[in-house]
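# Structural features, examined
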Amino acid sequence: MTRDYSAFLPPHKHGHLPDRPAAFLETYGWQAFFAQQISIEALVDTPPVRVVEVHRNALHVLGDGIDRTIPPIPDVTVGDWLLMDKAQPQASRALRRKTVMKRRAPGTDRQEQLIAANIDTCFVVTSCNQDFSVARLERYVALAFEAGIAPVIVLTKSDQVTDAQAYVDPAREISDRVPVIALDARGDEPRRALVGWCKPGQTVAFLGSSGVGKSTLTNALAGTEWVATQAIREDDAKGRHTTTRRQLHLVPGGCLVLDTPGMRELQLAGAASGIDDLFADISDLSQACRFNDCAHVTEPGCAVLSAVETGALDAARLRRWRKLVAEDAFNAASLAERRNRDKSFGKMVRQVMKEKSGRTRR
Ligand SMILES: Nc1nc2c(ncn2[C@@H]2O[C@H](COP(=O)(O)OP(=O)(O)OP(=O)(O)O)[C@@H](O)[C@H]2O)c(=O)[nH]1
Ligand SMILES: [Zn+2]
């Protein structure tokens, strides 16, 4: 799959308009991508608004001269742009998304859930300590690639180690498309180090385990104590717990920061192309395998295994790739099963027959 990786470069390389007083919509992330989807008339009749907060029973939307809550709309999430139907807000239409982040809900029924839309950059955060795990970073980066979001790896707590480079080096090896930054998340270092991605009109999010400094980074960008630096329990979907935050904060004079606890327990599901993007070295090698469906385990003529033998490919990287592919396939399969259960019996039978005949042909 070919992708346009120019979007993965820091925004300042594309040129910016720093001195123009940004219009309200632009401050809230309005970009040419969205403007191209509508006519001038539609702009007037149905003004664009951004969903800045999702409550259980309402969406908080902001637009030019608009600041209100409207009833929830199915499949609309924080970060979405809506064309506001003033008379009938529920009928507001969502604009096509630039990026969308999804996850599998925690709990037993594990439905696919929208986390956020139209994030430009996601900071994948870990610390220079035992939280650091190449495998976890790879999972987050694959998720970002899958969502179409540019990832940046941020290694916090660099002040607590003598050799931060020992963390930076393995992080850099994950992908040459992902910048790596080590810093002390407290104080004003993040403002300076992340400025290229945090310009006005940009929407950013922080991904990472509890305690790695996501709230500290958010506060550092804002220059104030915005977010309490403590864990907040995610809604368990049984209605017992209600303090789920899903909001976009506007940093005064700066970017929009997505704040949602849902970013912590991300699992891969249907992220095959994100995994391929991240492990482009392995996908490229597999083109030369003798068998089209080579699993790179014991197959003769496997180009991936020979690359491991010659040392061109790290065996540990191959193992991590296998685990991610398996996790993704497992989760995607159970999603598919869920969907099938809801379909008609006849359809299900046809599906099974098709799979059967496919199997006997092989
Ligand atoms: N020394 C040092 N401490 C840090 C750094 N980043 C975060 N901390 C501290 O680590 C603790 C956890 O930081 P938080 O910002 O709450 O972490 P979080 O990722 O938001 O955690 P959750 O809200 O549980 O997801 C706080 O006490 C921070 O002050 C850093 O770069 N250096
Ligand atoms: Zn192979």
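The residue numbering used here restarts from 1 in each chain and proceeds along that chain's sequence as written. Chains and ligands are labelled sequentially in the order written, the chains with letters from A and the ligands with numbers from 1. Only residues with pLDDT of at least 70 get local features here, since the model is predicted, and only at 80 or more are side-chain atom pairs given and counted; chain-wide, interface and lining totals rely on the full set of residues.

### Observations regarding helix α7 (residues 214-222)
Just so we agree on the cut-off: Each residue is classified by how many other C-beta atoms fall within 10 Å of its C-beta atom, where C-beta atoms are placed from the backbone; a count of 20 or more means buried, 12 or fewer means exposed, and values in between mean partly exposed. A run of H or I in DSSP becomes a helix once it reaches four residues, and a run of E becomes a strand once it reaches two; helices and strands are each numbered from the N terminus. By the convention adopted here, residues make contact when the C-beta atoms placed from their backbones lie within 7 Å.
Counting buried positions along α7 gives eight out of nine residues, so the element sits mostly inside the fold. Of the positions making up α7, those classed as buried are Lys214, Ser215, Thr216, Leu217, Thr218, Asn219, Ala220 and Leu221. Contacts made by the buried residues of α7 are with β8 (121-127), β9 (150-156), α6 (189-193), β11 (203-207) and β13 (256-259). Gly223 occupies a position one or two residues after α7 and carries a positive phi of about 75 degrees.

### Let's talk about the pairing of strand β1 (residues 48-54)
Heads up, the condition is: Strand pairing follows a simple DSSP-based rule, namely that at least 2 bridges must link the two strands.
Counting buried positions along β1 gives six out of seven residues, so the element sits mostly inside the fold. Summarising the sheet, β1 and strand β2 (residues 59-63) pair through five bridges and their orientation is antiparallel. Across the sheet, residue Val54 finds its bridge partner in β2, namely Leu59. The turn linking β1 back onto β2 is made up of four residues.

### Focus: the UniProt feature "binding site: Zn(2+)" (unreviewed entry) in the protein
Using the following cut-off: UniProt positions are given in the numbering used here, feature names are shortened, and annotations may be inferred rather than shown by experiment.
In the numbering adopted here, UniProt assigns the feature "binding site: Zn(2+)" (unreviewed entry) to Cys289, Cys294, His296 and Cys302. Summarising the element assignment, Cys294 is placed in the loop between α9 (280-286) and α10 (303-310). By C-beta crowding, Cys294 is classed as partly exposed, having 19 other C-beta atoms within 10 Å. Sequence-distant contacts of Cys294, defined by excluding residues within four places in its chain, comprise Ser286, Cys289, Glu299 and Cys302. Its place among the elements puts Cys302 in the loop between α9 and α10. Cys302 sits in the buried class, given 21 other C-beta atoms within 10 Å.

### Let's talk about the pairing of β13
Here β13 shows two buried faces, one formed by Leu256 and Leu258 and the other by Val257 and Asp259. In terms of strand pairing, β11 meets β13 through three bridges, oriented parallel. Residue pairing in the sheet places Ala205 in a bridge with Leu258 of β13. Across four bridges, the pairing between strand β12 (residues 247-250) and β13 is antiparallel. Directly across from Leu248, in β13, lies its bridge partner Leu258. Between β12 and β13, which follow one another and run antiparallel, lie five residues, and Gly253 among them has a positive phi close to 70 degrees.

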